[in-house]
Amino acid sequence: MKQRLLFLGPPGAGKGTQAERLCAAHELMHLSTGDLLRTEVGAKTTLGQEAAAVMNRGELVSDELVLAIVENQLKNQSGGWLLDGFPRTLIQATALEPLLEELKQPIEAVVLLELNDAVLIERLISRGRSDDNESVIRNRLEVYREKTAPLIDHYRQQGLLQTVEAHGSIESIAISIEKSLC
């Protein structure tokens, strides 16, 4: 199975849930930039307060900050890993690629989890997080379409993209992801 992975998909598609399962099953480091940022927010650091303001509007945190977080996590990593939530833009992807080449850890596969908006909105509202109200969710989906969706073609052109329908049971989706990575 491929060991250096990236998960793409809209908010609510199940990237975090599936990443945790896959990482636990295959001893991969799960690098969730959202979780790392929420830790900063919870600790009420200056960085966390800046990130909270941006995240609560449904916008994306700066590329420089997220790339620095990713670099710090990967520079001492010798095993496999899964990036969940980064890169989210073509600019981030083009900044990440030379870093991964320098670390001799290029991405081996990109899994795109696809799901329709109605199910996404329902899933996100049911999570009960403070930043998950319908207007923020709709804004996040717009930001995703505008900034993140272009990565689909970028990684498809590189021959890395694997598309998985993210509707169904957690287990059936996990099986589809595993099959796509063999």
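Preceding this section is the structure that the text describes.
Residues numbered from 1 in each chain as written. Predicted model: local features only at pLDDT ≥ 70, side-chain atom pairs only at ≥ 80, totals over all residues. Heavy atoms only, no water.

Here we look at the overall build of the chain
Formally: Under the scheme used here, helices are H or I runs from DSSP no shorter than 4 residues and strands are E runs no shorter than 2 residues, and both carry numbers assigned from the N terminus. This radius of gyration counts C-alpha atoms alone. The globule rule is 2.2 Å times how many residues there are, raised to the power 0.38. Each residue is placed in one exposure class: buried if its accessible area under a 1.4 Å probe, protein chains only, is under 20% of its type's maximum, exposed if it is over 50%, and partly exposed if it falls in between.
Of regular secondary structure, the chain possesses nine helices and five strands. The N-to-C order of helical and strand elements in the chain reads β-α-β-α-α-α-β-α-β-α-α-α-β-α. Relative to the globule expectation of 16 Å for 182 residues, the C-alpha radius of gyration of the chain, 16 Å, shows essentially globular dimensions. In terms of overall dimensions, the chain has a C-alpha envelope of 40 × 35 × 30 Å along the principal axes. Looking at the chain residue by residue over its 182 residues, the buried ones come to 46%.

Looking at the environment of Ile177
Heads up, the condition is: A contact between two residues is defined here by any heavy atoms of the two lying within 4.5 Å.
For Ile177, the location among the structural elements is in helix α9 (residues 170-180). A residue is classified by how much of its surface remains accessible, and Ile177, at 2% relative accessible area, is buried. The spatial distance from the C-alpha of Ile177 to the C-alpha of Val111 is 7.4 Å, given a sequence separation of 66 residues. When residues no more than four places from it in sequence are discounted, the contact partners of Ile177 are Phe7, Gln18, Leu22, Val111, Leu113 and Val164.

Re the state of the cysteines
Just so we agree on the cut-off: Criterion for a disulfide: a pair of cysteine sulfur atoms at a distance within 2.5 Å.
In the structure shown here, the tally under the stated rule is zero disulfides. Cys23 takes part in no disulfide bond, and the closest cysteine sulfur, belonging to Cys182, lies 15 Å away.

Some details on the layout of surface pockets
Let me state the cut-off plainly: Cavities and pockets are defined on a 1 Å grid built over the protein atoms alone: a cavity is a set of grid points where a 1.4 Å probe fits but cannot escape, while a pocket is an open set with protein on both sides within 12 Å along at least five of seven lines, and lining residues are those with an atom within 4 Å of any such point. Grid points are joined across faces, edges and corners, and a volume is the space filled by probe spheres set on the points. Following the grouping adopted for this structure description, the nonpolar residues are Ala, Val, Leu, Ile, Met, Phe, Trp, Tyr, Cys and Pro, the charged ones are Asp, Glu, Lys and Arg, and the polar ones are all others, Gly among them.
The volume enclosed by the largest pocket comes to roughly 1,000 Å³. In this structure, the largest pocket is lined by 44 residues; those nearest its centre are Pro11, Gly12, Lys15, Arg88 and Arg127. Elements with a minimum of two residues in the lining of the largest pocket: β1 (4-8), α1 (15-26), β2 (29-32), α2 (33-42), α6 (117-127), α7 (134-148) and α9. Across the lining of the largest pocket, the residue classes break down as 17 nonpolar, 15 polar and twelve charged.

Quick word on α9
Let me state the cut-off plainly: Arc definition: it is the arc formed by the directions from the helix axis to the C-beta atoms.
Ile173, Ala174, Ile177 and Ser180 are the residues of α9 that are buried. Buried residues along α9 cover an arc of 125 degrees about the axis, so they all sit on one side. On its buried face, α9 sits against β1, α1, β4 (109-114), α6 and β5 (161-165).

Looking at the packing of α2 against helix α3 (residues 46-56)
The test is simple: Comment: axis = line fitted to C-alpha atoms, over the contacting stretch for helices; angle = value between 0 and 180 degrees taken between N-to-C directions. Less than a right angle of anticlockwise turn of the near helix away from the far helix marks a crossing as left-handed, whereas a clockwise turn marks it as right-handed.
Across the interface, α2 lies against α3 with an axial gap of 7 Å and an inter-helix angle of 115 degrees. The way α2 lies across α3 gives a crossing that is left-handed. Of the residues in α3, those touching α2 at Leu37, Arg38, Glu40 and Val41 are Leu47, Gly48, Ala51, Ala52 and Met55. The residue inventory of the contact of α2 with α3, partitioned by class, reads six nonpolar, one polar and two charged.

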